[in-house]
Structures are given as structure tokens and as C-alpha cells.
Amino acid sequence: MTDQTMQFQAEVAKLLHIVTHSLYSDKEIFLRELISNASDACDKLRYAALTAPELLTEDTELKVRIAPDPKAGTLTIADNGIGMNRDELVENLGTIARSGTEAFSRQLEEAAKEAGKEEGGKKGAEAGRLIGQFGVGFYSAFMVADKVTVTSRKAGEAQAWRWESDGTGSYTIGEADEGQRGTTITLHLAKAQKEFLEPARLRTVIKTYSDHISLPVMLIDPEKAADAEDREEQVNAAGALWARPKSEVSEEQYREFYHHVGRAFDDPWLTLHAHVEGKLDYTLLLFVPSRRPFDLFDPDRRHGVKLFVRRVFITDDCEGLVPPWLRFLRGVVDSSDLPLNVSREMLQNNPLVAKIRATLQKRVLRELERKAEKAPEDYATFWEAFGPVLKEGLYEDREAQESLLKLARFHSSERDGLVSLADYVAAMKEGQSAIYTISGESLEALRRSPQLEGFRAKGVEVLLLTDAVDDFWQNTVTEFDGKPFQSVTRGAADLGEIKGKAKDDGESDEAKPEKVEGAALGTLIAALKQNLGEAVKDVRETDRLTDSAVCLVAGDADLDMHLARMLKQHQRL
Ligand code: ADP
Ligand code: MG
């Protein structure tokens, strides 16, 4: 059968174009990506062999081999993992199916357009940074190679396949003769990239990025005869990183492991490594990213914590292992108590998994509390990135509510930075009994809202809520420290009871309009009611305004105005 030519999915073609044209400086990371994939492929085979042992009866020592060939100018990366059949090659190497791809693709397109105008200047670097964040995975091979050949035979299948491309729009696919199980990737190195044929250079790159990989990474010395005993050398430490004692893992190793396990490229904001012993034995190695992953709000997203049982990878999709409102976590949980032959189905509603989640959750929240206390500014950056997700826990998980309220931070009408609810309560004015909030689209709009005038005049702080999730938790969480939450746009906020004075802003009040009072006010209100008719429920005098003449409020029993607007937009009202 002859080879077939196929087109890359549009997103892939775009990505490849940028990968090959941008001045992406860290070209060496291609090796990390390919070794990472080889490691995943071996994990998958080990898991499949739990229920189908025949898959692993031959060639049982799983490893990656890196072989430079200076004469041919090629570098091959070969694994004896799960392999790919024809359909999988097409699907995995011709399309991107990851969640968040759409958002990423849009941003990339913009960056690419800008870069095009400017010929690879600063904006080109922006595209590079974006790619770094999203990860190009396999496609990073094209940063160093003019042509990439992939041959693969899937475990349990007889036919091997060859996939080949020069990274410009299309690839070919056809049958191959190769008999080995697993995947071999041959990079035909570009002229300027011949440094990746030097064993010393390769050794350094592997040590730097892939030392934490549990799989042995072997480097083959091209100078030595094929049967020389020391021709193959293991370069990495191998062995599961999370199983090592904390004292033996360096910060760099943690970071590289985070990049591998979390498919992330930023630095971890928080690393939590714990060996838990007792009724349950398990190890946690968890990371909080410093940046939002692309798929944080994607409906198809998953959490990023992989489940292992005694070092054997089980799944990266264990429902219930991590609460949805901690879905930004990355890392691994390795349990000694679950049976090795546990199927993914058996994990659903598994009480052991639920117990692990409960401690995991507790530990993460405790760690966050510690950070909030010790390093408030650093914590604020975390909160800006992941606060909206944590707030989902306020209504999804009553047990976590109290801890989450302690961790929550807010913008406020009276201060520049973020405030905690404890800060808020401490600054409450005499006679003030509620925690006042206002919801809206943006901080700027909220800060200008006439609804705040009366509060500002008395120096009463109002929390400014701009996340979509804020409208939901406010229906569930009724109070903090005995103080109810109250939206200033709902009903009559009892400002009259509160004694307070605004910080003196030195502004004179000469320009203010004359106040309408007494009988004149009665006539005005009657006239307004008549004119507005059914459009409003009531027209009332208020002490909440100081500068503006009128403002809209919702009735006590009605929905918060911002929520009502949102629901209307979504046609739920
Ligand atoms: P990611 O690893 O984030 O999924 P990649 O671009 O690195 O993205 O790889 C895409 C997919 O191709 C992988 O998810 C995997 O299914 C498949 N793949 C890549 N390399 C290998 C390999 N060596 N063996 C088996 N499958 C592979
Ligand atoms: Mg990958």
C-alpha cells in the first residue's frame, strides 16, 4: 500500500508555522517533550498490562533510548511503550484535542498577526511565550528538525505504521516493516541544530529536564561498536520522584517534574510533598501553578492530578480525587491501599478515594492559609489567578466553607489592595451590622457606581465583586463571623444607623445640587411614580446618595440586580 498524504488540522498547521518560524530560544526542550511522551506511553502500557499481561510478555524492561547518528545527521528517540496504530497517529499527531485549544488558538493567532507585522521582534517572543505556556509537546520536534519520521507499533497489534512530515501543512502515513513494539521518532536535524548529535550536550539536556522521569533514559554512544558493553549509558536517576524523601529532591527537580506531570511551563507557585502514613498510606506531590492553565474554565477540563498505585500509573482522570474547586492543582497521588488491578470504573464513588480527597483538601487549604499569613502579597497573586475557582467551593462544599471564607480576598471601595473578611469586620463602623457587597462587571464600573455614594460618605467599606461566581455563593453563604452579607443594590441599606465619617478628601461640597425636601419631595416622588408607571415598583427617598439625584435598587425580596441582569442575558428569567 502506498503512503497517503493528509492535511494537518488548521490549529496544528498554525502552531507548526509559529514553532518553526518564531525565535523560540529554548530549542532544547524538544527532548524533554519527547521523553515525557515516551514516559507517558510506558505508563499506559504498564497500566494496560495489569489486565492484559500478555502485552508485556516480551521486551519487559520499559525504557527510552536516545541515539544520535552523526553520519546520517539524525537523532532518534525510541520507547517500548504502548505505541500507536494508524488511527491514533492521525488523531494524536495531526490534531490537537486538548481542552483550552480554542482559547489558545485565538490568542496565538493574534500574537502571530502582530509578529508578522514586526518580523520576529518582541511580539514574536510573545507567541513563543504563549506556546511555552500551552506546550507544543510533540510538535516541538520541528524546532530542531527539517523532517520528522515516526514509526510505531501498538502493543497487541501486528502492523507497524510510519508517519512523516516536514511540518508544513501536511504529513504522510503508511505501513512500515518495523517489528518493535512502541514508538521510534527520528529527527532529521536542521543544519543549525547539529549540536544535538553530541553526546555531552544530550547528556546535559536530559539531566536538566528529565532526571525525574521514572523510566530509565539511555543514551547510546555512536562512537562505540554496536556490541560494546558500555555503549548504552543510563543518564537519568529514574525511580519515582515523589517516592524520594523531600530532603533528596531539589527545587529544580520539583519544577521539572511539575512541567512533566502538569503539562505546564510556569514555575509552581506552591509545592506540597507529603508521605502520609496511618490508616491509609499514600504520597502526595502536588503543585499550585503560578499561572492560570488555559482550560481552567473549559467545560471539558479535568483536574490535573494523576493517580498511581504503588508507582504504577492508573489514571489522570480519577473523578472525586480532587474537588472541582481545586482543579488547578497538578501532581500525583500514589496510594498503597488501592488494589493494583483497580479499574477506572471501580474508582468511582470509592470510599478510599473519598478519604484521600478529604485529607488532600485539608492539607492544601492549610498550606494556603499558611501562605496567606506568611506572605500576603504573594498570596494575593495566587488569589487573583485562582480565587474565582476556590469561591466555587463556597457553595459546592459546605464543609470547606469556613476555611474558604478565611482564605477569600476581596477588592473594596475603601482600600487599594485585597482585604480579607476578618480585615473587613475589624474595620466595620459603629452601628454597622452587615458586610456590604456590590456586584458588577468591572472594578472601574463599580467604583463609579452611585449606589456607593452614601456608604463612601460615611466611610463604610463595600466589597466589590466582579467574578461571575460571586452571584452564586452569595445565595448560599449567609454570614461571616455572625455578620450577614448584604448587597447594597438590594432594598434599604440602613445607613441611618451607622455612625461614620469619610476619610477627608478635601473636596468642598459647593457644587452639589440643592436638596429637595419636605412637600416638594412628596410632589416630586408622586410625579415620578406616575410617569414611570409599571416600570418601577416604588420610588423612595434615600440617604444612600450624596452626589447623584437618583439610582436604581432591587427590592428586599428581589434578586440582586447584577444577578438578575446576568440571568436575563442567559434567558433564564
Ligand atoms: P500531550 O503529551 O500533552 O498529550 P503531545 O503533543 O506531546 O501532547 O502528544 C500528543 C499525543 O500523541 C499524546 O497525548 C499521545 O497520545 C501521543 N503520543 C506522543 N508521543 C507518543 C509516544 N512516544 N508513544 C505513544 N503515544 C505518543
Ligand atoms: Mg507530551
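The model shown is predicted, which means the values in this text are computed figures rather than measured ones.

On to the overall build of the protein chain. For the protein chain, the helix and strand inventory stands at 17 helices and 20 strands. Within the protein chain, the fraction of its 573 residues that count as buried is 35%. Long-range pairs, those at least 24 residues apart, make up 73% of the contacts in the protein chain between residues at least 6 apart in sequence.

In this structure, Leu321, Leu329, Val333, Val462 and Leu463 are the most contacted members of the largest nonpolar core, which totals 61 residues. Examining the composition of this core, we find that 6 residues originate from one element, strand 11 (residues 282–289), more than from any other. Among residues more than four places away in sequence, those in contact with Leu329 are Leu286, Phe287, Val288, His303, Gly304, Val305, Val322 and Val364. Grouped together as the second largest cluster of nonpolar side chains are 58 residues, Leu31, Ala38, Val148 and Leu189 included.

Quick look at the pairing of strand 11 now. Within strand 11, 8 of the 8 residues are buried, which leaves the element mostly enclosed by the surrounding structure. Where strand 10 (residues 268–276) and strand 11 come together, 8 bridges link them in antiparallel fashion. Of the residues in strand 11, the one forming a bridge with Ala274 is Leu284. In sequence, strand 10 turns back onto strand 11 through a hairpin of 5 residues, with Gly278 there showing a positive phi of about 145 degrees. When strand 11 meets strand 14 (residues 330–335), the two strands line up antiparallel, connected through 6 bridges.

Turning our eyes to something else, we now look at the sheet that holds strand 7 (residues 182–189). Strand order across the open sheet formed by 9 strands is 1-6-5-4-7-3-2-8-9, with mixed pairing between neighbours. Each edge of the open sheet is held by one strand with a lone partner, namely strand 1 (4–7) and strand 9 (232–234). Pairs of neighbouring strands in the sheet enclose a mean axial angle of 20 degrees, with direction left out of account. In the sheet, strand 2 (residues 64–69) pairs with strand 8 (residues 217–220) via 3 bridges, with the strands oriented parallel. Paired with Arg65 across the two strands is Met218, which belongs to strand 8. Where helix 6 (residues 199–210) meets the sheet, its contacts fall on strand 2 and strand 8, and the angle it forms with strand 8 comes to roughly 170 degrees.

It is worth spelling out the site of ligand 1 at this point. Asn37, Ala41, Asn92, Gly137 and Phe138 are the nearest of the 15 residues found near ligand 1. When residues of the shell around ligand 1 are traced back to their parent elements, those giving at least two are helix 2 (29–51) and helix 3 (86–94). Sort the elements by how many residues they give to the shell around ligand 1 and helix 2 lands first, with 4 residues. Partitioning the shell around ligand 1 into residue classes produces 6 nonpolar, 6 polar and 3 charged.

With that settled, the discussion passes to unusual backbone geometry. With a phi close to 55 degrees, Asp59 is a non-glycine residue in the positive phi region. Summarising the element assignment, Asp59 is placed in the loop between helix 2 and strand 2. Here Asp59 falls in the exposed class, since 12 other C-beta atoms lie within 10 Å of it.

Next up on the list: the sheet that holds strand 17 (residues 435–439). Here 6 strands make up an open sheet; going across it, the order is 16-15-18-17-20-19 and the pairing mixed. The two strands at the open ends of the sheet, each matched to only one other strand, are strand 16 (419–420) and strand 19 (479–480). Sheet analysis places strand 17 next to strand 20 (residues 483–487), joined by 3 bridges and oriented parallel. For Ile435, the partnering residue across the bridge sits in strand 20 and is Phe485.

Moving on: the packing of helix 8 (residues 351–374) against helix 11 (residues 398–407). Close contact between helix 8 and helix 11 brings their axes to 10 Å; oriented N to C, the two are set at 20 degrees. Here helix 8 is positioned roughly parallel relative to helix 11, judged by the angle of their axes. For the pair helix 8 and helix 11, the crossing hand works out as left-handed. Two secondary-structure elements touch here, helix 8 through Gln361, Leu365, Leu368, Glu369 and Ala372 and helix 11 through Ala400, Ser403, Lys406 and Leu407. Of the residues assigned to the contact of helix 8 with helix 11, the class counts are 5 nonpolar, 2 polar and 2 charged.

Its location among the elements puts Gly83 in the loop between strand 3 (74–79) and helix 3. Residue classification places Gly83 among the buried positions, given that 25 C-beta atoms sit within 10 Å. Distance in space between the C-alpha atoms of Gly83 and Thr151 is 9.0 Å, their sequence separation being 68 residues. Among residues more than four places away in sequence, those in contact with Gly83 are Ser152, Arg153, Lys154, Ala155, Arg181, Gly182 and Thr183.

Here the focus is the packing of helix 2 against helix 6. Two elements in contact, helix 2 and helix 6, have axes separated by 9 Å at closest approach and are oriented at 60 degrees. It follows that helix 2 is oblique to helix 6 by the angle criterion. Helix 6 is crossed by helix 2, and the crossing has right-handed handedness. Contacts between helix 2 and helix 6 involve Ile29, Leu31, Arg32 and Ile35 from the former and Val205, Ile206, Tyr209 and Ser210 from the latter. Its residues assigned to classes, the contact of helix 2 with helix 6 shows 6 nonpolar, 1 polar and 1 charged.

Within a regular beta strand, the side chains point alternately toward one face of the sheet and then the other, so they alternate between its two faces. Here strand 12 (residues 304–309) lies mainly inside the structure; 6 of its 6 residues are buried. Residue alternation in strand 12 divides its side chains into two sets, Gly304, Lys306 and Phe308 and Val305, Leu307 and Val309, and both sets are buried. Summarising the sheet, strand 12 and strand 14 pair through 6 bridges and their orientation is parallel. Within the sheet, the bridge partner assigned to Phe308 lies in strand 14 and is Asp334. Linking strand 12 back to strand 13 (residues 312–315) in an antiparallel pair, the connection comprises 2 residues, with Arg310 at a positive phi of about 40 degrees.

To continue, consider the environment of Gly417. The residue Gly417 is located in the loop between strand 15 (409–412) and strand 16 in this model. C-beta crowding within 10 Å serves as the criterion here: with 11 such atoms nearby, Gly417 is assigned to the exposed category. Taking C-alpha positions, Gly417 is 8.6 Å from Ala380, a pair spaced 37 residues apart along the chain.

A separate point is the environment of Ile35. Considering the arrangement of structural elements, one finds Ile35 in helix 2. When the C-alpha positions of Ile35 and Ser210 are compared, they lie 7.3 Å apart, and in sequence the two are 175 residues distant. Ignoring any residue separated from it by four or fewer positions in sequence, one finds Ile35 in contact with Val64, Ile77, Ser210, Ile213 and Val217.

About the criteria used
- For every chain, the first residue of the written sequence is number 1, and numbering continues from 1 along that sequence.
- Chains and ligands are labelled by the order in which they are written, letters from A for the one and numbers from 1 for the other.
- Local features in this predicted model are restricted to residues whose pLDDT is 70 or higher, and side-chain atom pairs enter the listing and the counts only when it is 80 or higher, whereas totals over whole chains, interfaces and linings include all residues.
- Runs of H or I in DSSP of at least four residues are treated as helices and runs of E of at least two as strands, each being numbered from the N terminus.
- A residue is called partly exposed when the number of other C-beta atoms within 10 Å of its own lies between 12 and 20, exposed at 12 or fewer, and buried at 20 or more, with C-beta atoms placed from the backbone.
- It is the C-beta atoms, placed from the backbone, that decide contacts: two residues are in contact if theirs lie within 7 Å.
- In plain words, the nonpolar core is the set of buried Ala, Val, Leu, Ile, Met, Phe, Trp, Tyr and Cys residues that C-beta atoms within 7 Å link up.
- In this scheme, strands are said to pair when DSSP sees at least two bridges between them.
- Each axis is a line fitted through C-alpha atoms, and for a helix only the stretch in contact is used; angles between axes span 0 to 180 degrees, taken between their N-to-C directions.
- Whether a residue is near a molecule or strand depends on its C-beta atom, generated from backbone atoms, being within 6 Å of that molecule or strand.
- Gly counts as polar in this scheme, as do all residues outside two lists: the nonpolar Ala, Val, Leu, Ile, Met, Phe, Trp, Tyr, Cys and Pro, and the charged Asp, Glu, Lys and Arg.
- Working rule for angles: under 35 degrees goes down as roughly parallel, over 145 as roughly antiparallel, 65 to 115 as roughly perpendicular, anything else as oblique.
- What makes a crossing left-handed is the near helix being turned counterclockwise from the far one by less than a right angle; a clockwise turn instead makes it right-handed.

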